[in-house]
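Next come the chains, spelled out residue by residue.
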Amino acid sequence: QVQLVESGGDLVQPGGSLRLSCKASRSIVTFSKMDWYRQSPGKERELVASIPTGGDTNYADSVKGRFTISKDNANDTLYLRMNSLKFEDTAVYYCHARKWNYHYWGQGTQVTVSS
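To start, this report covers the structure provided alongside it. Keep in mind the model is a prediction, meaning the values are calculated, not measured.

## Some details on the state of the cysteines
Okay, step 1: Evaluation of the coordinates by the stated rule reveals one disulfide.
Okay, step 2: Covalent S-S linkage joins Cys22 and Cys95, the inter-sulfur distance amounting to 2.1 Å. For the disulfide bridge between Cys22 and Cys95, the dihedral angle about the S-S bond is near -75°, and by the sign convention the bridge is left-handed. Separated by 73 residues along the polypeptide, Cys22 in strand 3 (residues 18–24) and Cys95 in strand 9 (residues 91–99) bring together distant segments of the chain. Across the pair, exposure class does not vary: Cys22 and Cys95 are buried alike.

Below you can see the structure in the form of structure tokens.
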């Protein structure tokens, strides 16, 4: 069983920045893709950014140019750098990993953008 543990969520002012981390309990090089999702109260969980193994990164239109997904294979960690944060970025952010037909989720980390 794979454990994914997110961290880095916080309360931040509009225009601020945060970096989320997702530490895996095993090597992440075996995952075909890793993603960040988010979910706000009353809304469905949405895909924020993806980083497939050997492929190009993808971003939701709402975060393009502001968020950057990356990973450190040596430390089995996925990151999400978030700049120019907006009120509407407030959500619980989840790390997701896929290997074959198996899907793994973290417990989520809260990001709150408020003045």
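## Focus: the packing of aromatic side chains
Okay, step 1: Tallying each qualifying case throughout the model produces two aromatic pairs.
Okay, step 2: Geometrically, the ring pair formed by Phe31 and Tyr104 is tilted, given 6.1 Å between the ring centres and 50° between the ring planes. In this pair, Phe31 sits in the loop between strand 3 and strand 4 (33–39) while Tyr104 sits in strand 10 (residues 102–105), placing the two residues 73 residues apart along the sequence. Take Phe31 and Tyr104: they sit in the same class, and that class is buried.
Okay, step 3: Its guanidinium or amino end placed over the ring of Trp105, Arg45 lies 4.7 Å from that ring's centre, counting from NZ or CZ.
Okay, step 4: Cation over ring: Lys99 sits above Trp100, and NZ or CZ is 4.7 Å from the ring centre.

## Points about the pairing of strand 10
Okay, step 1: Bridge count for strand 9 against strand 10 is four bridges, and the pairing is antiparallel. Its bridge partner lying in strand 10, Lys99 is registered against Tyr102.
Okay, step 2: Here strand 9 hands over to strand 10 after two residues, with Trp100 in that stretch at a positive phi of 55°.

## Some details on the sheet that holds strand 8 (residues 77–82)
Okay, step 1: Reading across the sheet, the four strands line up as 1-3-8-7 and stay open at both edges, with antiparallel pairing between neighbours. Each end of this open sheet is capped by a strand with a single partner; those strands are strand 1 (4–7) and strand 7 (67–72). Strand after strand, the sheet turns through a mean of 15° between neighbouring axes, direction not considered.
Okay, step 2: As paired strands, strand 3 and strand 8 are joined by six bridges and run antiparallel to one another. Counterpart to Ser21 in the pairing with strand 8 is Tyr79.

## Concerning the nonpolar core
Okay, step 1: Of all hydrophobic cores here, the largest spans 29 residues; its most connected members are Trp36, Leu80, Met82 and Tyr93.
Okay, step 2: Elements represented by at least two residues in this core include exactly strand 3, strand 4, strand 5 (46–52), strand 7, strand 8, strand 9 and strand 11 (109–113).

## A word on the side chain of Asp76
Okay, step 1: As for its position among the elements, Asp76 is in the loop between strand 7 and strand 8.
Okay, step 2: Despite being buried, Asp76 has no salt bridge partner; Lys23 is the closest side chain of opposite charge, sitting 4.6 Å away.
Okay, step 3: A distance of 3.3 Å separates a polar side-chain atom of Asp76 from the backbone nitrogen of Ile28.
Okay, step 4: Not counting the four nearest positions on each side in its chain, Asp76 is found in contact with Cys22, Lys23, Ala24, Arg26, Ser27 and Ile28.

## Here we look at the pattern of salt bridges
It is possible for side chains bearing opposite charge to pair when their charged atoms get close.
Okay, step 1: For the structure shown, the criterion picks out five salt bridges.
Okay, step 2: Between Glu46 and Arg38 there is a salt bridge, with its nearest N and O atoms 2.6 Å apart.
Okay, step 3: The exposure class of Glu46 is partly exposed, given its relative accessible area of 34%.
Okay, step 4: A salt bridge links Asp89 to Arg66; the nearest nitrogen and oxygen atoms lie 2.7 Å apart. Of this pair, Asp89 sits in the loop between strand 8 and strand 9 while Arg66 sits in the loop between strand 6 (58–59) and strand 7, and the two are 23 residues apart along the sequence.
Okay, step 5: By relative accessible area, Asp89 is classed as buried at 0%.
Okay, step 6: Accessibility expressed as a relative area gives 10% for Arg66, which makes it buried.

Rules behind the numbers
Residues numbered from 1 in each chain as written. Predicted model: local features only at pLDDT ≥ 70, side-chain atom pairs only at ≥ 80, totals over all residues. Heavy atoms only, no water. Disulfide = S-S within 2.5 Å. Helix = DSSP H or I, 4+ residues; strand = E, 2+ residues; numbered from the N terminus. Buried < 20%, exposed > 50% of the residue type's maximum accessible area, 1.4 Å probe, protein only. Phe/Tyr/Trp six-rings, centres within 6.5 Å; stacked < 30°, edge-to-face > 60°. Lys NZ or Arg CZ within 6 Å of the ring centre and 35° of its normal. Pairing = 2+ DSSP bridges. Axes fitted to C-alpha atoms, helices over the stretch in contact; angles between N-to-C directions. Core = buried A, V, L, I, M, F, W, Y, C linked by side-chain atoms within 4.5 Å. Lys, Arg positive; Asp, Glu negative; His and termini not counted. Salt bridge = Lys/Arg side-chain N within 4 Å of Asp/Glu carboxyl O. Polar contact = N/O pair within 3.5 Å; in protein donor to acceptor, adjacent residues only side chain to side chain. Contact = heavy atoms within 4.5 Å.

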